[in-house]
Amino acid sequence: MSESAVITDPKISDKVSTFYVEDGWPGADAVMAYKRDGVVCLRGAFGPDWLAVIEEGIDEALSGASTNLDIVKKKGDAGSFSVSSQAWRQVRPFRRFIFDSHIADIAWPFLESSSLTLFYDFLLIKQAHSDSAATPWHQDHAYYPLNGKKVINCWTALDSIPIETALRFYRGSHSLGVIHQATNFENPAEDYKHLRRERAAVPNIDADPSAEIIATAMEPGDMLVWNSHTFHSAPGNSLDRRRAAFSVNWVGDDVTYDDVPALDTYRHPELKTGDRITCDKFPLVRGIGST
Ligand SMILES: O=C(O)CCC(=O)C(=O)O
């Protein structure tokens, strides 16, 4: 696909509500749009200085500092994609960004919570022509051993992301009140490792005429904020350049632990069902302690 390609799927509209740094945010209008749609975009959330800190972190993470790093090249693709999570404890620049930038101040109002707890960070790099590295429809919450609704993903674009490689959201799906099964990203035809069979399978969102799919092009430093119940997906990277993002995931005061099988990133051996999750691994960053 060339860089001038446009989305041909008429189902996808450029309707993610967008707010600008000059407006001072997140204001009440941004929080209201997030509550209605389950996602908003904050333009220019981070400038070149903070983006440089993240890039420093990426260099460290990819040179061995991140102990939870996967680099995958799908069959037939020229480029690989890399994911790393919970790297903040090993990667100092990621720690700086999470604790010293204004990201917590932006995130906290969306949760309408007395506290803001760091859940984990996530680095996603789709190298040029990782064409098959598509992200299937999923709800982040399907992977979490958590109960509660105050869980958000703050996803900062590190590259220009035209709409054809942008994340897609099922508008308002956070309000459906159902967590579906987790999808196996590596092979969506196979069951996810920690599949919860009692949950409903992910519906065919692309074929559902009532599902409104929204997306938006992004520039470096723009940040999406979405709820962990919101369905989203993304195509592979068919461009001739990198498409990377760094996300920070936060929880608020209605969230408790659910002691079920899940990836180690999201679990803590000492937490029991019903516990608040705030601890060394999931530290309190704003507000009143909840342990
Ligand atoms: O950017 C992508 O392809 C997927 C990102 C995503 O789904 C996530 O961070 O939860």
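Scroll up to find the structure.
All values derive from a computational prediction rather than experimental measurement.

Caption draft 1: Just unusual backbone geometry, in detail. Not every positive phi belongs to a glycine, and glutamine 86 is a case in point at roughly 60°. Its place among the elements puts glutamine 86 in the loop between strand 5 (81–85) and helix 3 (92–100). Of note in the backbone geometry, histidine 129 takes a positive phi value of approximately 55° without being a glycine. We classify histidine 129 as partly exposed; it has 19 C-beta atoms within 10 Å.

Caption draft 2: A look at the sheet that holds strand 13 (residues 232–234). With respect to topology, 5 strands assemble into an open sheet ordered 1-11-10-13-7, the strand pairing being mixed. The strands lining the two open edges of the sheet, one partner per strand, are strand 1 (12–13) and strand 7 (135–138). Inspection of the sheet shows strand 10 (residues 168–170) paired to strand 11 (residues 213–215) by 3 bridges, in the antiparallel sense. Looking at strand 11, one finds that phenylalanine 169 is bridged to isoleucine 214.

Caption draft 3: Fine view of helix 1 (residues 28–37). Every buried residue of helix 1 is accounted for by Ala30, Tyr34 and Asp37. In a view along the axis of helix 1, the buried residues occupy a sector of 90°, so they form one face of it. The inward-facing, buried residues of helix 1 abut strand 2 (18–20), strand 3 (39–43), helix 4 (103–111) and strand 12 (223–227). Just past helix 1, the residue glycine 38 takes up positive phi, approximately 85°.

Caption draft 4: Seen up close, the site of the ligand. As a structural note, the neighbourhood of the ligand is formed by Phe122, Leu124, Thr135, Asp140, Asn153, Trp155, Leu167, His232, Ala234, Ala245 and Ser247. Sorting the residues of the shell around the ligand by element identifies strand 6 (115–126), strand 9 (151–157), strand 13 and strand 14 (243–251) as the ones contributing at least two each. In terms of residue class, the shell around the ligand is built from 6 nonpolar, 4 polar and 1 charged.

Caption draft 5: Focus on the nonpolar core. If you look at the biggest cluster of nonpolar residues, it comprises 71 residues, and the most contacted ones within it are Val40, Ile152, Cys154, Val225 and Trp250. When near neighbours in sequence (up to four residues on either side) are disregarded, valine 40 contacts Val16, Ser17, Phe19, Ala30, Ala33, Tyr34 and Val225.

Caption draft 6: Broad picture of the environment of alanine 217. With respect to the helices and strands, alanine 217 occurs in the loop between strand 11 and strand 12. A residue is classified by how many C-beta atoms lie within 10 Å of it, and alanine 217, with 17 of them, is partly exposed. Between the C-alpha atom of alanine 217 and that of glutamate 164, which follows or precedes it by 53 residues, the distance is 7.9 Å.

Caption draft 7: Spotlight on the packing of helix 2 (residues 48–65) against helix 3. Two numbers describe how helix 2 lies on helix 3: the axes approach to 7 Å, and their chain directions differ by 145°. Along this stretch, helix 2 crosses helix 3, giving a crossing that reads as left-handed. On the side of helix 2, the interface is formed by Trp50, Val53, Ile54, Glu56, Gly57 and Glu60, while helix 3 contributes Pro93, Phe94, Arg96 and Phe97. Residue composition of the contact of helix 2 with helix 3, by class: 6 nonpolar, 1 polar and 3 charged.

Caption draft 8: Just the pairing of strand 14, in detail. Within strand 14, 9 of the 9 residues are buried, which leaves it mostly tucked inside the rest of the structure. Residues Arg243, Ala245, Ser247, Asn249 and Val251 point to one face of strand 14 and Ala244, Phe246, Val248 and Trp250 to the other, with burial holding for every one of them. Bridge count between strand 6 and strand 14: 9 bridges; the pairing is antiparallel. The residue of strand 14 that forms the bridge with lysine 126 is arginine 243.

Caption draft 9: Quick peek at the pairing of strand 9. Within strand 9, 7 of the 7 residues are buried, which leaves it mostly tucked inside the rest of the structure. Here strand 9 shows a buried face lined by Val151, Asn153, Trp155 and Ala157 and a second buried face lined by Ile152, Cys154 and Thr156. By the bridge criterion, 7 bridges tie strand 9 to strand 14 in an arrangement that is antiparallel. The partner of tryptophan 155 across the bridge, within strand 14, is serine 247.

About the thresholds
- Residues numbered from 1 in each chain as written.
- Predicted model: local features only at pLDDT ≥ 70, side-chain atom pairs only at ≥ 80, totals over all residues.
- Helix = DSSP H or I, 4+ residues; strand = E, 2+ residues; numbered from the N terminus.
- Buried ≥ 20, exposed ≤ 12 C-beta atoms within 10 Å, placed from the backbone.
- Pairing = 2+ DSSP bridges.
- Arc of directions from axis to C-beta.
- Contact = placed C-beta atoms within 7 Å.
- Near = placed C-beta within 6 Å.
- Nonpolar A, V, L, I, M, F, W, Y, C, P; charged D, E, K, R; others polar.
- Core = buried A, V, L, I, M, F, W, Y, C linked by C-beta atoms within 7 Å.
- Axes fitted to C-alpha atoms, helices over the stretch in contact; angles between N-to-C directions.
- Left-handed = near helix turned anticlockwise from the far one by under 90°.

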